[in-house]
Amino acid sequence: MSSQPAQQAGEQGSPVGLEVEVEVGPVAHGGHCVARHEGRVLFVRHALPGERVVARVTEGAPRDSYWRADAVAVLRLSPDRVTPPCPWAGPGLCGGCDWQHAALPAQRALKAAVLAEQLERLAGLDAAALAPVTGDGGLVVEAVDGDGVDVEAGLRWRTRVQYAVGPGGRLGLREHRSHRVVEVDDCRIAAPRAAEVDPRAVTWPGAEGVEVVAPQTGEDRLLVVTPRRTGDGQGRRLRLPNPPAPSSLAVVGDEGLARVRGRTWVAQEVELPRGPRSFRVTGSGFWQVHPGAAAALAGAVVRFAGLAPGEAVADLYAGAGLLTAALAEEVGEDGRVVSVEGDARAVADARRNLRDLPQVRVLPGRVDRALGAMAADDEHVDVVVLDPPRVGARRGVLERVASLAPRTVVHVACDPAALARDVAVLAELGYRLDGLRAFDLFPQTHHVEAVARLVRA
Ligand SMILES: C[S@@+](CC[C@H](N)C(=O)[O-])C[C@H]1O[C@@H](n2cnc3c(N)ncnc32)[C@H](O)[C@@H]1O
């Protein structure tokens, strides 16, 4: 990874703006590749392993151990390079996608490499240790089905789009690591029904953000508006336009979600392992954004859980109850599922979504507290399913999980580093990684979802 200077540093010794020729090394977690310039690490976006590029420094100070940079010219191309399908993907443009310049199979290989690297670095699991876990084909990031017209090309899959509001109340998407709003005409990864809401058609004065929630099936489409807050906590005057396509409209307020037009929730239809089911999801409450994601994850979780009728399972970080429902169908009415969720609106949705399943008990509140109460009651569970937010479950929760002594823990993770840290803690607590699948639920971006099975050693 040798480098040659191509241009002098910026003003006052800042390296920002400096352009250097570098050899691009391996991919790193976060949507960039590693290069070196005069012994210092550069994290280079818009590059691919094996390329030689001109990298322009975008962030860093003279004494920093690493700088961030964008590849602004490619001198030797990777065979995996393609022309980005979106004209807004590139240095200084929209920051939503990281890998538009890589062919889809290559994007998945990059994500598999990142997941393997994080598990090796943070959980001490090298390729030899992973081989029995991932099977003969090694770690593969699997594509998921979807109904969108272009999902197979990695486009038109995003059923939710979070727009930022820029100058003049116009909608756009943020530049990478910046507050600057780029006024894209069309987000190419937005699903067809989400993309029908043309961000340029109307303005949103006084708003901070507008989320378009447009499930792939059914007629629902909901716009959730977050008002801009001033320093004193007061909202600026919000002026709501007539949205350009038929949609429900709701505003985030101190008392929850205020309905302006239509309804404050959408219906999500999912094909679970034992048949179709409909879920109500309020406002911006958590739901997977790829149309094929919910079914793929529910299928993988049920398979890894390996439940028999009559068994007991805890579904932690349960959201609107997607995985709880799939698990409840496995254990049947003679079994038990405890479904723990901290967000009050998601709890209300879960109660409604799961009310036909008498084997389910929805426990509102924090996961660590719920686990403490379950341990105090000597509650037996055969399997624990965890689907924590991006930071992972972390030691305090994992210790409580281990104290319940389930035979299997199934961990769903959207961040490879957090998964690897949790796997390392679970290993200390006597749980061995025994199965791992990864899914490309976020094509064109660096994000990847993994499902891990850990069994009591
Ligand atoms: C990644 S989502 C998973 C949702 C659900 N399993 C699904 O597949 O739709 C994480 C959920 O955990 C909830 N959550 C985050 N921290 C929590 C905590 N400490 N205790 C309870 N719930 C929490 C969030 O409100 C969110 O619904």
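Throughout what follows, the structure given in this document is the object of discussion. Each chain has its residues counted from 1, running along the sequence as written. Restriction of local features to residues with pLDDT of at least 70 applies here, the model being predicted, together with a cutoff of 80 or more for giving and counting side-chain atom pairs; totals for whole chains, interfaces and linings are based on all residues. Hydrogens and water are ignored here; the side-chain numbers use all heavy atoms of the structure.

1. A short note on the overall build of the chain
At step 1: Helix and strand counts for the chain come out as nine helices and 23 strands.
At step 2: Put simply, the radius of gyration uses C-alpha atoms, and a globule should come to 2.2 Å times the residue count raised to 0.38. Over its C-alpha trace the chain gives a radius of gyration of 23 Å, about what one expects of a compact globule, namely 23 Å for 457 residues.
At step 3: With respect to the principal axes defined by its C-alpha atoms, the chain has extents near 70 × 60 × 45 Å.
At step 4: Only protein chains enter the accessibility calculation, which uses a 1.4 Å probe; a residue whose area is less than 20% of its type maximum is buried, one above 50% is exposed, and one in between is partly exposed. Taking all 457 residues of the chain together, 54% fall into the buried category.
At step 5: Contact definition: two residues touch when any of their heavy atoms are within 4.5 Å. Partitioning the intrachain contacts of the chain with sequence separation of at least 6 by distance along the chain shows that 64% fall at a separation of at least 24.
At step 6: Note on areas: Shrake-Rupley with a 1.4 Å probe; residue coverage comes only from the protein chains shown. Just so you have it, the chain exposes about 19,700 Å², and 49% of that area is on carbon and sulfur atoms.
At step 7: Taken together, the 53 basic and 58 acidic charged side chains of the chain have centroids lying 5 Å from each other. A run of H or I in DSSP becomes a helix once it reaches four residues, and a run of E becomes a strand once it reaches two; helices and strands are each numbered from the N terminus. A positive count includes Lys and Arg, and a negative count includes Asp and Glu. His and the chain ends are not counted in either. The atoms used to mark charge sites are NZ of Lys, CZ of Arg, CG of Asp and CD of Glu.

2. Things to note about the environment of alanine 405
At step 1: Counting through the fold element by element, alanine 405 comes out in the loop between α8 (394–403) and β21 (408–413).
At step 2: The spatial distance from the C-alpha of alanine 405 to the C-alpha of valine 383 is 8.8 Å, given a sequence separation of 22 residues.
At step 3: When sequence neighbours within four positions are dropped, the list of residues in contact with alanine 405 reads Val381, Tyr431 and Arg456.

3. Quick look at the site of the ligand
At step 1: Think of it this way: one heavy atom of a residue within 4 Å of a molecule or strand is enough to make that residue near it. If you check the shell around the ligand, you find 15 residues, and the closest are Tyr317, Glu341, Gly342, Val367 and Asp387.
At step 2: A distance of 2.6 Å separates an oxygen atom of the ligand from a polar atom in the side chain of glutamate 341.
At step 3: Within 3.5 Å is the distance limit for a polar contact, defined as a pair of N or O atoms, with the added protein rule that one can donate a hydrogen and the other accept it, and that residues adjacent in sequence qualify only through two side-chain atoms. Contact between the ligand and glycine 342: a nitrogen atom at 3.0 Å from a main-chain N or O atom of the residue.
At step 4: If the ligand stood free it would expose 600 Å²; the protein chains cover 81% of that surface.
At step 5: When residue character is reported, Ala, Val, Leu, Ile, Met, Phe, Trp, Tyr, Cys and Pro are called nonpolar, Asp, Glu, Lys and Arg charged, and the others, Gly included, polar. Here the residues of the shell around the ligand sort into eight nonpolar, three polar and four charged.

4. A short note on empty space enclosed by the protein
At step 1: A cavity, in this analysis, means grid points on a 1 Å lattice covering only the protein atoms where a 1.4 Å probe fits yet has no way out; a pocket is instead an open set bounded by protein on both sides within 12 Å along at least five of seven lines, and a residue lines either one if it has an atom within 4 Å of a point. Grid points are joined across faces, edges and corners, and a volume is the space filled by probe spheres set on the points. Applying the stated criterion across every chain, the model contains one cavity of 30 Å³ or more.
At step 2: Approximately 60 Å³ is the volume attributed to the largest cavity.
At step 3: Around the largest cavity, the lining residues are Val27, Ala28, His29, Gly30, Gly31, Trp99, Leu110, Lys111, Val114, Pro416, His446 and Val448.
At step 4: Listing elements by their share of the lining of the largest cavity, those giving two or more residues are β2 (19–28) and α1 (104–123).
At step 5: By residue number, the principal contributor to the lining of the largest cavity is α1, which donates three residues.
At step 6: In the lining of the largest cavity, the residues fall into seven nonpolar, four polar and one charged.
At step 7: Among the domains, domain 1 (5–81) and domain 3 (267–456) are the pair contributing at least three residues each to the lining of the largest cavity. Boundaries between domains were set according to an automatic or database domain assignment.

5. Digging into the pairing of strand β17 (residues 312–316)
At step 1: Counting buried positions along β17 gives five out of five residues, so the element sits mostly inside the fold.
At step 2: Any two strands with at least two DSSP bridges between them are considered paired. When β17 meets strand β18 (residues 336–341), the two strands line up parallel, connected through five bridges. In the sheet register, aspartate 315 faces β18, and the bridge partner there is serine 339.

6. A short note on the packing of α1 against helix α9 (residues 416–428)
At step 1: Interaxial angles span 0 to 180 degrees and are taken between N-to-C directions of axes, which are lines fitted to C-alpha atoms, for helices over the stretch in contact. For the pair α1 and α9, the least separation of the axes is 8 Å and the interaxial angle reads 35°. Between α1 and α9 lies a crossing whose hand is right-handed. When α1 is examined against α9, the residues Val114, Leu115, Gln118, Leu119, Leu122 and Ala123 are found in contact with a partner set consisting of Pro416, Ala417, Leu419, Ala420, Arg421, Val423 and Ala424.
At step 2: The residue makeup of the contact of α1 with α9, split by class, is eleven nonpolar, one polar and one charged. Working rule for handedness: look at the near helix, and if it is turned counterclockwise from the far one by less than a right angle, call the crossing left-handed; if clockwise, right-handed.

7. A word on the sheet that holds strand β8 (residues 160–165)
The strands making up a sheet associate through hydrogen bonds between their backbones, and the pairing can be parallel or antiparallel.
At step 1: Here we have seven strands laid out as an open sheet, ordered β10-β9-β8-β11-β12-β13-β14, and mixed in their pairing. Two strands bound the open sheet, and with one partner strand each, they are β10 (181–182) and β14 (256–261).
At step 2: For strand β9 (residues 171–174) and β10, the ladder comprises two bridges, and the chain directions are antiparallel. Among the inter-strand pairings, arginine 174 is bridged to a residue of β10, identified as valine 181.

8. As for helix α2 (residues 127–134)
At step 1: Within the span of α2, buried status applies to Leu130, Val133 and Thr134. Seen from one end, α2 has its buried residues packed into an arc of 80°, which puts them on one side. Summarising the geometry of α2, the exposed residues directed more than 90 degrees from the buried face are Ala128 and Pro132.
At step 2: Next to the buried residues of α2 lie α1 and β22 (431–439). This arc is built from the directions going out from the helix axis to the C-beta atoms.

9. Quick look at the nonpolar core
At step 1: In plain words, nonpolar cores are sets of buried Ala, Val, Leu, Ile, Met, Phe, Trp, Tyr and Cys residues tied together by side-chain atoms within 4.5 Å. Among the nonpolar cores identified, the biggest contains 76 residues, and Trp204 and Val451 are the most heavily contacted of them.
At step 2: By residue number, the principal contributor to this core is helix α4 (residues 293–305), which donates ten residues.
At step 3: Two domains each provide a minimum of three residues to this core, namely domain 2 (160–214 + 220–262) and domain 3 (267–456).
At step 4: Ignoring anything within four residues of it in the chain, the contact list for valine 451 reads Leu297, Ala300, Val301, Phe304, Val410, His411, Val412, Gly435, Leu436, Arg437 and Phe439.

10. With respect to α8
The periodicity of an α-helix, 3.6 residues per turn, causes residues three or four positions apart to be oriented the same way.
At step 1: Within the sequence span of α8, burial applies to Val397, Leu398, Val401 and Ala402. Seen end-on, α8 carries its buried residues on one side only, within an arc spanning 140°.
At step 2: Lining the buried residues of α8 we find β17, α7 (367–376), β20 (383–386), β21, α9 and β22.
At step 3: Once α8 ends, the next one or two residues include alanine 405, with phi positive near 55°.

11. Digging into the pairing of strand β11 (residues 207–213)
At step 1: Counting buried residues in β11 gives six out of seven residues, a clear majority hidden from the surface.
At step 2: For β8 and β11, the ladder comprises five bridges, and the chain directions are antiparallel. Counterpart to alanine 164 in the pairing with β11 is glycine 209.
At step 3: By the bridge criterion, six bridges tie β11 to strand β12 (residues 222–227) in an arrangement that is antiparallel. Within β12, the residue paired with valine 210 across the bridge is valine 225.

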